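Overview (structure and organization)
Here is how the chains run, residue by residue.
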Amino acid sequence: MKQICVVGVGYVGLVTASCFADLGNSVVALDVDEKRIENLKKGIMPIYEPGLEELVRRNVKSGRLSFTNSYEEALDGAEFAFIAVGTPSGVDGNADLKYVESAAKSIAHSMTASLIIINKSTVPIGTGDWVADIVKGAQPKPIDFAVVSCPEFLREGSAIADFMSPHRNVIGSLDKDAANKVAQLHLPLRAPIVITDLRTAEMIKYASNAFLAAKISFINELADICEAYGADVKEVAAGMGYDARIGRHFLDAGLGWGGSCFPKDVQALAYMAKGKGLNPRMLNDTVVVNYDRRKAVATHVEKLLGGDLKGKVIGLLGLAFKENTDDMRDAPSVDISTALISAGAKVRGYDPVARKAAAPLLPEVEIFDDVYNMTDGCDALIVVTPWNEFKQLDLERVKDLLNSPVIYDGRNIYDPTLMKAMGFSYRAVGR
Ligand code: UGA
């Protein structure tokens, strides 16, 4: 059993804290947000993530997981302190490190014994060295510490499974003893461990997210070519995916990527490249291709409806940026509804869990609690988020409720042949 402090109870922090507790460690999770901590003490989660509430409850009950606003309390006896705070996009796409800086300063003020500070947040290359300088400068008296980079690769919606069964754990530090101790902490996860230097570890995180984002933009560009030549991008992806050098994952064409990670990380990496006089053409185009997906949707729906969106009622199936989350950060639903509304359409929306989170971001969209009520009286539906619930819809009922049987399937969840046979005016992506 190790004593661990985790700073930040967002996606990464809360999942890290509860998973390490579940592995038998003693974990204190800290956040400066008093309301969040107060809620967590009552069992109220700050985010929707399948399985998280139960995991937190179980570990709080066993006494292995607790929550606090106090750095003194969180660091008391701790051998490891994870920094898992947000790194939002600043101006020009650079990562804003104000939360990392304040966490590093607070740790420096409150640590009383030697400590391994582990950065889990996605941070620009060189941040680990910068954090070490901050801690050194802010310590009231010198106490031994090491800074290690250990980037997180979990996905929203499957965060616990991703943490517990990682493809690899990356540990960056030139301090061999600290790197080995962090490696020991990850041994129960039984995944390959890559030990490297701080900057390389930080780069591995950006490189991984940028590669996955580029892979999606690539298949989306191919989708347009498939559509133009009458090929099926879903089968193209399957055919490509059998090649182990390519792999089938992250080749789902559709409305592109959003969320809190790919958009900010691709831009931050491009920003870093530009800062050194480089021209990151692939990263730039990865972004352009992605956001063009959203712009094209209104035109596709307009065509399906015979040429005019004015006064038409369009229903969005899904509002969150991806399935199994209520996260609305950089969700395609926002851009798509804005384009539809400015073309004169009335927009409705339904999402199994993101309705509350979506409402303030979509003030002109009428949000429904029931998918069939939303569909009743719509002129067309757009599949924006590929929730399983939408794959199981009673499509005969949907057809009866729609004013005209029009569906734009932005996530390729239905079978085009079946949809046409049912009498839908149906368009998918790249099929
Ligand atoms: C992503 C990475 O997958 C994680 O490894 C990483 O830890 C995380 O960012 C992060 O840096 O914190 P996440 O953004 O939660 O995770 O979700 P993904 O499942 O990767 O999906 C990202 C976006 O790509 C979503 O909008 C999704 O709809 C889209 N996507 C994904 C596609 O359009 N096609 C695909 O084939 C896969």
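Preceding this section is the structure that the text describes.
Now for a look at the structure at hand.

Further remarks concern the layout of surface pockets. Estimates place the volume of the second largest pocket at around 330 Å³. The wall of the second largest pocket is formed by 15 residues, among which Ala214, Lys215, Phe218, Met282 and Thr286 lie closest to the centre. Those elements that place two or more of their residues in the lining of the second largest pocket are α9 (198–229) and α12 (281–304). Top element by residues in the lining of the second largest pocket is α9. It accounts for 7 residues. Its residues assigned to classes, the lining of the second largest pocket shows 10 nonpolar, 2 polar and 3 charged.

All right, on to the site of the ligand then. Close to the ligand lie 20 residues, the nearest being Phe153, Leu154, Glu156, Lys205 and Asn209. Residue Glu152 places a main-chain N or O atom 3.4 Å away from an oxygen atom belonging to the ligand. Between the ligand and Asn209 there is a distance of 2.7 Å, counted from an oxygen atom to a side-chain nitrogen or oxygen. Taken by itself the ligand offers 710 Å² of open surface, and the protein chains cover 91% of this. Sorting the residues of the shell around the ligand by element identifies α9 and α11 (262–275) as the ones contributing at least two each. With 3 residues, α9 is the largest single contributor of residues to the shell around the ligand. Tallied by class, the residues present in the shell around the ligand amount to 9 nonpolar, 3 polar and 8 charged. Of the residues that make up the shell around the ligand, three or more belong to each of domain 1 (3–196) and domain 2 (286–427).

Let us now look at α11. The end-to-end C-alpha distance of α11, which contains 14 residues, comes to 20 Å, matching closely the 20 Å that a straight helix rising 1.5 Å per residue would cover. Among the 14 residues of α11, 10 are classified as buried, and the element is accordingly described as predominantly covered. Buried within α11 we find Phe262, Pro263, Lys264, Asp265, Val266, Ala268, Leu269, Ala270, Met272 and Ala273. Contacts from the buried residues of α11 go to α9 and α12. Phi for Gly277, located one or two positions after α11, is positive at around 80 degrees.

In this section: the packing of α9 against α11. Two elements in contact, α9 and α11, have axes separated by 9 Å at closest approach and are oriented at 115 degrees. As summarised for this structure, α9 and α11 are arranged roughly perpendicular, according to the angle between their axes. Regarding α9 and α11, the two cross each other, and that crossing is left-handed. On α11, the residues touching Met203, Lys205, Tyr206, Asn209, Ala210, Leu212, Ala213 and Ile216 of α9 are Phe262, Asp265, Val266, Ala268, Leu269 and Met272.

A few words on the pattern of salt bridges. Evaluated as defined, the whole model comprises 24 salt bridges. The residue Glu227 makes a salt bridge to Arg427 at a minimum N-O spacing of 2.1 Å. Of the two residues, Glu227 is situated in helix α9 and Arg427 in strand β14 (residues 425–427); the sequence distance between them amounts to 200 residues. Given a relative accessible area of 27%, Glu227 falls into the partly exposed group.

On to empty space enclosed by the protein. Counted according to the given criterion, the structure contains 2 cavities of 30 Å³ or more. When its volume is computed, the largest cavity comes out at roughly 40 Å³. Contributing to the lining of the largest cavity are Asn119, Ser121, Thr122, Val123, Ser149, Pro151, Glu202 and Lys205. Class assignment of the residues belonging to the lining of the largest cavity gives a composition of 2 nonpolar, 4 polar and 2 charged. Put simply, the second largest cavity is a space of about 40 Å³. Surrounding the second largest cavity, Leu75, Gly77, Ala78, Met111, Thr112, Ala113 and Leu115 form its lining. Here the lining of the second largest cavity is built from residues that sort into 5 nonpolar, 2 polar and no charged.

What follows is about the pairing of strand β13 (residues 406–409). Both faces of β13 are covered, namely the face carrying Val406 and Tyr408 and the face carrying Ile407 and Asp409. Summarising the sheet, strand β12 (residues 380–383) and β13 pair through 3 bridges and their orientation is parallel. Each bridged residue has a counterpart across the sheet, and for Val383 the counterpart in β13 is Asp409. Direction of pairing for β13 relative to β14: parallel, over a ladder of 3 bridges. Across the sheet, residue Val406 finds its bridge partner in β14, namely Ser425. The β-α-β motif built from β13, the intervening helix α18 (residues 416–421) and the parallel element β14 has right-handed crossover chirality.

Conventions adopted
- Residues numbered from 1 in each chain as written.
- Predicted model: local features only at pLDDT ≥ 70, side-chain atom pairs only at ≥ 80, totals over all residues.
- Heavy atoms only, no water.
- 1 Å grid on protein atoms, 1.4 Å probe; cavity = no way out; pocket = protein on both sides within 12 Å on 5 of 7 lines; lining within 4 Å.
- Points joined across faces, edges and corners; volume = space filled by probe spheres on them.
- Helix = DSSP H or I, 4+ residues; strand = E, 2+ residues; numbered from the N terminus.
- Nonpolar A, V, L, I, M, F, W, Y, C, P; charged D, E, K, R; others polar.
- Near = heavy atom within 4 Å.
- Polar contact = N/O pair within 3.5 Å; in protein donor to acceptor, adjacent residues only side chain to side chain.
- Areas by Shrake-Rupley, 256 points an atom, 1.4 Å probe, with all protein chains shown as cover.
- Domains from an automatic or database assignment.
- Expected span 1.5 Å × (residues − 1).
- Buried < 20%, exposed > 50% of the residue type's maximum accessible area, 1.4 Å probe, protein only.
- Contact = heavy atoms within 4.5 Å.
- Axes fitted to C-alpha atoms, helices over the stretch in contact; angles between N-to-C directions.
- Parallel < 35°, antiparallel > 145°, perpendicular 65-115°, else oblique.
- Left-handed = near helix turned anticlockwise from the far one by under 90°.
- Salt bridge = Lys/Arg side-chain N within 4 Å of Asp/Glu carboxyl O.
- Pairing = 2+ DSSP bridges.
- Right-handed = clockwise from strand over helix to strand, strands pointing away.

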